Amino acid sequence: MDGMTSRDISAEIDGASGDLTIDLAALARNYARLAGDVAPARAAAVVKADAYGLGADRVAPRLYAEGCRHFFVAQFIEALRLRPLLADDARIFVLNGLLPGNESACVRHGIVPVINSLEQWRQWADAAKAAGRILPAVLQFDTGMSRLGVPPEEREALAALVKAEAGIAVLFVMSHLASADDAESAQNASQLAEMQAVAAAFPQFDLCFANSGGIFLGQPYHGLLARPGIALYGGAPVSGRANPMEPVVSLDVAVVQTRTVQAGARVGYSGTHVVTGETRLATIAVGYADGLPRSLSGRGAVYCDGMRLPIVGRVSMDSITIDISALPQGRLTLGSRVEVLGPNQTLEDVARDAGTISYEILTGLGNRYQRIYR
């Protein structure tokens, strides 16, 4: 194994314990759908957290090929890793903005910080003076989420700094919707009103407002640049509604052992599941280290031939036990595959059973699967 690259290893794992398939064509169609929905505004792509766990090195170039030129990450190191993968005309924005010490590297690599505070503005203005050039930035305003962005009471002070500083070119003013996945939430209208107040205070700049859910709230939320994330990757942008996006991810996992146990047998750590009659079980090669939370214990399921196979006992780090009694004898053997994500079970289904959200499931998928891009 000495000196083997990731590509070399991939060529050796035809017998991988799990296949994570990423459909780049579906990703492209999702981007085209969202870009069409926001036109004449433009659609960016949020590719933070390694493109929501799917591989920014494959996702971002494909989106660039589809016409995307604006890419958002959360952290500076993500921007550094992404920069060599995209042409110079692609803009890369760091949502967390500037941390002290990152200024010169942002200047060198053409990385655009999202300015979230007066302090960050001053840092970037100093960097512009040191570089002797005009530097681009995005200004983020807190419109009700109390997370990132300049708060309302500091807008006037920032406006004065913007007026006095000729060294920063503001590309957009932006904010983030906290409840856009709930189309009925009153917070959406409240944040829109706040964003309109920001636009009135900074009328010279274009707006960047809608996230995935915000796109489906309608044109008033779009601004001139929308920032879809989860919707690109096939996640439902609005809860309680049919998902308009194509699935991008499927996951099939191998069976590593089957057995038949009798009434009274205990399954898994702490023996939390006790079978009540003769039961056929299978152990599959996936666990919480691979992104399937322990909270799926006794609640989640996988599928085979359209049949739901419940998880029994606790989810372990590297394995899960399922009840396969509903399948014909011998249907599953060593190496057989079962569906974790696919036609019978969506990201939202797994997230619901785990008591979490689709974002956490998607970004938690680990690096032990064989990744197949198509």
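On a predicted model such as this, the values are computed, not experimentally measured, just so you know.

Q: What is the right way to read empty space enclosed by the protein from this model?
A: Gaps left between atoms are located by rolling a probe of water-molecule size over the structure's atoms. Across all of its chains, the model carries 2 cavities of 30 Å³ or more by this definition. Estimates place the volume of the largest cavity at around 60 Å³. Taken together, L292, L296, G300, A301, V302, I311, V340, Q345, V350 and D353 form the lining of the largest cavity. Of all elements in the fold, only β15 (301–304) and α11 (347–354) reach the threshold of two or more residues within the lining of the largest cavity.

Q: I would appreciate a short explanation of the UniProt feature "active site" (unreviewed entry) in the protein chain in the present structure.
A: What UniProt calls "active site" (unreviewed entry) maps, in this numbering, to K48 and Y269. An extended arrangement is adopted by the annotated residues: their sequence extent is 222 residues, and the largest C-alpha distance between any two is 35.1 Å. Of the annotated positions mentioned, K48 line the largest pocket. Among the secondary structure elements, K48 is positioned in helix α3 (residues 48–52). Those residues in contact with K48 that sit more than four places away from it in its chain are F72, V73, A74, E78 and L95. Looking at the secondary structure, you find Y269 in the loop between β12 (266–267) and β13 (273–274). In this structure Y269 comes out as exposed when scored by relative accessible area, which is 59%.

Cut-offs and rules
Residues numbered from 1 in each chain as written. Predicted model: local features only at pLDDT ≥ 70, side-chain atom pairs only at ≥ 80, totals over all residues. Heavy atoms only, no water. 1 Å grid on protein atoms, 1.4 Å probe; cavity = no way out; pocket = protein on both sides within 12 Å on 5 of 7 lines; lining within 4 Å. Points joined across faces, edges and corners; volume = space filled by probe spheres on them. Helix = DSSP H or I, 4+ residues; strand = E, 2+ residues; numbered from the N terminus. UniProt positions renumbered as here; feature names shortened; annotations may be inferred. Contact = heavy atoms within 4.5 Å. Buried < 20%, exposed > 50% of the residue type's maximum accessible area, 1.4 Å probe, protein only.

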